[in-house]
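For reference, the chains in residue letters:
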Amino acid sequence: MKKYLLVLISGLIFTSLTGQENRKSETVQTITIEELRDHIYYLASDELEGRLPGTPGIEKAMEYAVTQFRQAGLIPFHLSSDSRLSYYQDLTVNKYLPHPDNQIKIIRNTGERTFTFEDNYIIGYDNNFEIREIAGGLAFIGYGIREPAYGIDEYKNIDVKGKWVVTLPYTEELPEYIRKKIPQGLLQKYQKSSLARLLNKLQNAFDAGAIGLIEVSTSSYTTDRWKRIALSNRVHYNIPGLSNLDFGEKCPLVKLDSAMTDYLFNQEKYNPVRNKGSYKSFLFENAEFRLKKEYEILPIKTANVVALIEGSDPNLKNEYIALTAHIDHLGIDGNEIFNGADDDASGCASVFEISEALAKSKLRRSVICILFTGEEFGLLGSYYFTENPPVTLKNIIADVNIDMIGRPDTVPNEFSSVGADRINPKLKEIINAVNKKTSDFILDTVNHNNDFMRGDQYTFHLKRIPSVMFTSLEHDDYHTPADDPEKIDYEFLQKSCQLIYEIILELANGDINLIDQGFN
Ligand SMILES: [Zn+2]
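Residues numbered from 1 in each chain as written. Predicted model: local features only at pLDDT ≥ 70, side-chain atom pairs only at ≥ 80, totals over all residues. Heavy atoms only, no water.

## Quick notes on the environment of K180
Then, number 1: Tracing the backbone shows K180 in the loop between α3 (176-179) and α4 (184-191).
Then, number 2: K180 gets classed as exposed once you look at its relative accessible area, which sits at 64%.
Then, number 3: Residues K180 and Y150, spaced 30 residues apart in sequence, show a C-alpha to C-alpha distance of 9.8 Å. (Helix = DSSP H or I, 4+ residues; strand = E, 2+ residues; numbered from the N terminus. Buried < 20%, exposed > 50% of the residue type's maximum accessible area, 1.4 Å probe, protein only.)

Below, the structure written as structure tokens:
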């Protein structure tokens, strides 16, 4: 992820903050570089095999977490089915493995042709695993853009109800005639943030009544690249009994290779891939696109780790701050181990050190520390937690989530604090004020590539709980076997943890009210 905009935040000081200017709390001294390093070197060691849910590696990581919490004096906070308090909130994640004989038929009155899964197409999203066949006609809708305020509506006069919407890929630079019409700020949404743009496309297709979105290829992939894309999209996950988490993926997405793209267009009025320029939307003359998808379901048993620091105020202790990170990562591929030192051993180590300091501090409100499983499968551990919380959700007043916080990029002294203004902007004000009082970070609050919906704080946000993600953002080793402990900047990490500790201290002790103000 590349940065494209920096916002320098100047903090405000609020009267609810106690103590002297530029003074750190004393217990913050227990957050040490040595301990942070020890935690990360263990969690991201080869012995833990990339901490994939359902493997012994993540079990060891969870045992380590429980030991840390217990030693720091945190108590177990999940009420298990036999009415005992446990550090483990057990859950099952379903893995959906596509059948190798899944296929797509394109049927015309001149004949039909069958394309095989992963040779010719990939399923990018599947919003409903129960539906085994989706069939309908097709409509070509250019880039799938609807910005009527600027005179662009590629859906205009085309009825796509019950049809597949065929679009050009979002990786493509938009053509001149569209770029000219859209103002610069909005254009960034389409050009810089591929995820936002894709979600927008899916939403438009869904709103227009389409049964699915197809993205064609405008140039051919190398076999190697296509295989990698196929592999990273092959398997899907969800929690049994819960609908898919709402990321805004409203309908299925099918990506075609260039051979299938060619076949799809070759009997139509014109082939937009071959004739680039000013695209016009059109309905396909006579073609049915029939997708068959079946999955083998493999249940994976895993757990979140949940621990509590109880507040001391008789009333306020029933209000909770969630301090969270994710303990899972990507496991092993062949003989390469994805150690995930930054992603997110750095967050877990931070939670250990911050909670140790909090347990020694005077807190009016309580703090729940949670290390989630299944984040890399699509925030599934935190989704399960927010559907099965140990206390009523309205008593959780904020979630502070830490995801990838050990690799600052080129701007010194900067890290990201994303989403704190989305339910109640007071959370952001508190963060800025504490930063100004106790640290000197430049807090970047820009949601660069939809980062906010890519971390566990998002599931709290969906439940209208004010939440923030602290992160030092992506880097070249993101989701590669090279995300290793020796690349972490431990001084930066210590300083970040000390700030987050001070923020939680303020959230736990301040006279604050973070009610939902209806923002997004
Ligand atoms: Zn990750």
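## Details of the coordination of the zinc ion
Then, number 1: For the zinc ion, the protein coordination sphere consists of D343 (OD), E376 (OE), E376 (OE) and H479 (NE2), at 1.9 to 2.4 Å.
Then, number 2: Classification of the site at the zinc ion rests on its four donor atoms, whose angles at the metal span 56 to 145°, yielding the label irregular.
Then, number 3: Each donor residue of the zinc ion lies on one chain, and together they are spaced D-x32-E-x102-H. With E376 in the loop between β22 (366-372) and α9 (380-387) and H479 in the loop between β26 (467-471) and α12 (490-509), the pair connects residues that are 103 residues apart, well separated along the chain.
Then, number 4: By relative accessible area, which is 19% here, E376 ends up buried. (Donors = N, O, S within 2.8 Å, 3.2 Å for Na, K, Ca; no water. Tetrahedral: all angles 85-135°; square planar, octahedral: opposite > 155°, others 65-115°.)

## Re helix α1 (residues 33-43)
Then, number 1: Regarding α1, the residues found buried are I33, L36, H39, I40 and L43. Taken down its axis, α1 places every buried residue within 130° of arc, on the same side. In α1, the exposed positions angled more than 90 degrees off the buried face are occupied by E34 and D38. (Arc of directions from axis to C-beta.)

## Section: the pairing of strand β7 (residues 121-125)
Then, number 1: Among the five residues in β7, five count as buried, and that is most of the element.
Then, number 2: Relative to strand β15 (residues 253-256), β7 is paired through four bridges, and the arrangement is antiparallel. Within the sheet, the bridge partner assigned to I123 lies in β15 and is V254. (Pairing = 2+ DSSP bridges.)

## Some thoughts on the domain arrangement of the chain
How big an interface is tends to be stated in terms of accessible area lost as the parts join.
Then, number 1: Partitioning the chain into domains gives domain 1 (26-94 + 299-509) and domain 2 (100-293).
Then, number 2: For domain 1 and domain 2, the distance between their C-alpha centroids amounts to 36 Å.
Then, number 3: Taken together, the contacts link 20 residues of domain 1 with 16 residues of domain 2.
Then, number 4: Buried surface at the junction of domain 1 and domain 2, summed over both partners, amounts to about 1,500 Å²; 69% is from carbon and sulfur atoms.
Then, number 5: The tally of links between domain 1 and domain 2 comes to zero salt bridges.
Then, number 6: Listed by contribution, the elements that provide at least two residues to the side of domain 1 that touches domain 2 are β4 (88-98), α9 and α11 (457-462).
Then, number 7: Its residues placed into classes, the side of domain 1 that touches domain 2 shows 11 nonpolar, seven polar and two charged. (Domains from an automatic or database assignment. Contact = heavy atoms within 4.5 Å. Buried area = accessible area lost by both parts, 1.4 Å probe. Salt bridge = Lys/Arg side-chain N within 4 Å of Asp/Glu carboxyl O. Nonpolar A, V, L, I, M, F, W, Y, C, P; charged D, E, K, R; others polar.)

## Considerations on the pattern of salt bridges
Then, number 1: For the structure shown, the criterion picks out 26 salt bridges.
Then, number 2: Between R228 and D224 there is a salt bridge; the shortest N-O distance is 3.8 Å. Of this pair, R228 and D224 both sit in helix α6 (residues 223-234), separated by four residues, roughly a single helical turn.
Then, number 3: When the shortest N-O distance is used, the salt bridge between R454 and E474 registers 2.4 Å. On the criterion of sequence distance, the pair formed by R454 in the loop between β25 (442-444) and α11 and E474 in the loop between β26 and α12 is long-range, its members being 20 residues apart.

## A short note on the pairing of strand β13 (residues 212-215)
Then, number 1: What you see with β13 is no split at all: G212 and I214 on one side and L213 and E215 on the other are buried throughout.
Then, number 2: When strand β12 (residues 164-167) meets β13, the two strands line up parallel, connected through four bridges. Bridge pairing in β13 links V165 to L213.
Then, number 3: In terms of strand pairing, β13 meets β15 through three bridges, oriented parallel. Across the sheet, the residue bridging to L213 is L253, located in β15.

## Remarks on the nonpolar core
Then, number 1: With 68 residues, the main nonpolar core has F69, L323, L358, L371 and L507 as its most contacted residues.
Then, number 2: It is α12 that contributes the most residues to this core, 12 residues altogether.
Then, number 3: Discounting residues that sit within four places of it in the chain, L507 has contacts with I321, R365, I397, A398, V400, L427, I430, I512 and L514.
Then, number 4: Core analysis: the next-biggest nonpolar cluster, separate from the first, contains 39 residues, F115, V166, L168 and M260 among them. (Core = buried A, V, L, I, M, F, W, Y, C linked by side-chain atoms within 4.5 Å.)

## Remarks on the packing of α1 against α12
Then, number 1: Taken N-terminus to C-terminus, the directions of α1 and α12 make an angle of 110°; their axes are 9 Å apart at the nearest point. When the axis of α1 is compared with that of α12, the two are roughly perpendicular. Facing α1, whose interface residues are I33, L36, R37, I40 and Y41, α12 presents Y490, E491, L493, Q494 and C497.
Then, number 2: Within the contact of α1 with α12, the residues separate by chemical class into seven nonpolar, one polar and two charged. (Axes fitted to C-alpha atoms, helices over the stretch in contact; angles between N-to-C directions. Parallel < 35°, antiparallel > 145°, perpendicular 65-115°, else oblique.)

## A word on the sheet that holds β12
Then, number 1: Read across the sheet, six strands follow the order β7-β15-β13-β12-β9-β16 without closing on themselves; strand pairing throughout is mixed. Of all strands in the sheet, those bounded by a partner on one side alone are β7 and β16 (282-283).
Then, number 2: Two elements, strand β9 (residues 138-140) and β16, share two bridges in a ladder whose sense is antiparallel. Counted as the bridge partner of A139 is L283 from β16.
Then, number 3: Sitting on the sheet, α6 is in contact with β7 and β15, with an inclination near 40° to β7.
Then, number 4: Sheet contacts for helix α7 (residues 258-265): β7, β9, β12, β15 and β16; angle to β15, the most-contacted strand, approximately 100°.

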